[in-house]
Amino acid sequence: MRSTESFIEANMKNPNGTLATYLKESDQLDQDEVKGKEAISESVGIWLQYHLKKKDREGFEEAYATFVKHFINEEGLIYWKLSPKGEPIVTTNALVDDLRIIEALYEAASLWHEERYKTSATIFSEYLVEHNHIESVLSDFYDDRTKEISTTLTLSYIDPSALEVMRANGALGSQVYTEMLTILQKTPTDNSFYAKAYHINEQKYVFDEQVNMIDQALVAWQLAEMGVSTDSFYQFIESEYSERGLIYGRYDRNSQLPVVEYESPALYGFIILYCMEVGDTEFAKRIYERMIEFRNEEKESKYYGGYSIGANQDTHIFDNLIPLLAEERLLSEAE
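Rules and cut-offs
- Residues numbered from 1 in each chain as written.
- Predicted model: local features only at pLDDT ≥ 70, side-chain atom pairs only at ≥ 80, totals over all residues.
- Heavy atoms only, no water.
- Helix = DSSP H or I, 4+ residues; strand = E, 2+ residues; numbered from the N terminus.
- Rg over C-alpha atoms; globule rule 2.2 N^0.38 Å.
- Buried < 20%, exposed > 50% of the residue type's maximum accessible area, 1.4 Å probe, protein only.
- Contact = heavy atoms within 4.5 Å.
- Areas by Shrake-Rupley, 256 points an atom, 1.4 Å probe, with all protein chains shown as cover.
- Lys, Arg positive; Asp, Glu negative; His and termini not counted.
- Charge placed at Lys NZ, Arg CZ, Asp CG, Glu CD.
- Pairing = 2+ DSSP bridges.
- Axes fitted to C-alpha atoms, helices over the stretch in contact; angles between N-to-C directions.
- Phe/Tyr/Trp six-rings, centres within 6.5 Å; stacked < 30°, edge-to-face > 60°.

Draft legend 1. How the structure looks around the overall build of the protein chain. Assigned secondary structure in the protein chain consists of 12 helices and 11 strands. Taking 20 Å as the expected radius of gyration for a compact globule of 335 residues, we find that the protein chain reaches 19 Å, a close match to that expectation. Taking all 335 residues of the protein chain together, 55% fall into the buried category. Within the protein chain, counting contacts between residues at least 6 apart in sequence, those at least 24 apart form 62% of the total. Summing over all exposed atoms, the protein chain offers an accessible surface of approximately 14,700 Å²; the carbon and sulfur share of this is 43%. Taking the average location of the 31 positive side-chain charges in the protein chain and that of its 59 negative ones, the two points are 3 Å from each other.

Draft legend 2. Focus on unusual backbone geometry. The backbone of Lys55 sits at a positive phi, close to 55°, despite the residue not being glycine. Positionally, Lys55 belongs in the loop between helix H2 (41–53) and helix H3 (57–70). Lys55 sits in the exposed class, given a relative accessible area of 58%. The phi dihedral of Glu135 is positive, around 50°, even though this residue is not glycine. Looking at the element boundaries, Glu135 is found in the loop between strand S3 (133–134) and strand S4 (137–138). Note on Glu135: relative accessible area 65%, which makes it exposed.

Draft legend 3. Broad picture of the sheet that holds strand S9 (residues 204–206). With respect to topology, three strands assemble into an open sheet ordered S5-S8-S9, the strand pairing being antiparallel. On the outer flanks of this sheet lie strand S5 (152–154) and S9, each paired with one strand and no other. Taking each pair of neighbouring strands and ignoring which way they run, the sheet shows an average axis angle of 25°.

Draft legend 4. Local environment of the packing of aromatic side chains. Overall, the coordinates contain 20 aromatic pairs when judged by the stated rule. Between the aromatic rings of Tyr194 and Phe233, the centroid separation amounts to 5.9 Å while the plane-to-plane angle is 40°, which identifies the pairing as tilted. You can see Tyr194 sitting in strand S7 (residues 193–194) and its partner Phe233 sitting in helix H9 (residues 231–244), a full 39 residues away along the chain. The interplanar angle of 40° and the centroid separation of 6.3 Å between the aromatic rings of Tyr268 and Phe294 together place this pair among those described as tilted. Pair noted here: Tyr268 is in helix H10 (residues 265–277) and Phe294 is in the loop between helix H11 (281–291) and helix H12 (318–334), with a separation of 26 residues, a long-range link. With a relative accessible area of 24%, Phe294 lands in the partly exposed category. The rings of Phe60, Tyr64, Trp112 and Tyr117 are connected pair by pair, giving a single aromatic cluster.

Here is the structure:
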């Protein structure tokens, strides 16, 4: 078991088996923000992907059982956020998380010949396609209580491999599949940076003035998956890393200068996954060396294997799950 997986198992699981978002508890609650030990569907999808990647059927089944017990309603809605006790505190889903979960379940059904996983994936797919659907496009979220549907599609949420798996299993029509991939493929760039979102009703792409590099790396990774050139983005991150020895979390779109001083293990994880997709294992290894500088390597520490645990003794699970997934892919494929 990798040290970060051990850290998560020991420190970031609630008593009900859900993955806590933060190491430290919080007594604050917010509909839109995630606090303390609340659990989110984002973590579920990445956790399932990790166990699938390492072909760990027991770990996958445990994660799946916890997920179906707490995260779904009878119709097939996947709640994007739960209380620490495993109770839904929102009535909305999240496209990006649903796609990760659906793909992992279809792939696991194929790998282990487990019909339950496929049945679940189909139910979630049907709910997603029916409710998050505008003009042949799947949008960011749907609220089951208010019946509100987002009119925005965040470009980093478009997951080509998940959409392909859904289509192959008859859970997604060719029109929606084609439209989603066309929107991603046509993503415009400005100064090597990708647009942030697509406004469905206006059929318009929009840019952020300050770009989030996790979004950028995700879009680049997904475009590379489709065989679309990402040379401009690659040159930017390679140049930035060669000059600075690091990549910051946010940049000004016009000047290409950093606007924050922080780095992110999750960002480095996504860059590793992107580099593996474009076939540059050497750059992926260089990024990996920087990423693990944020990991606790003190074997006597109870937080051994955990990433970005600062003086406040806290960390976000995303900064642990994505590096873990990237490490598993890099080390298993580079051997």
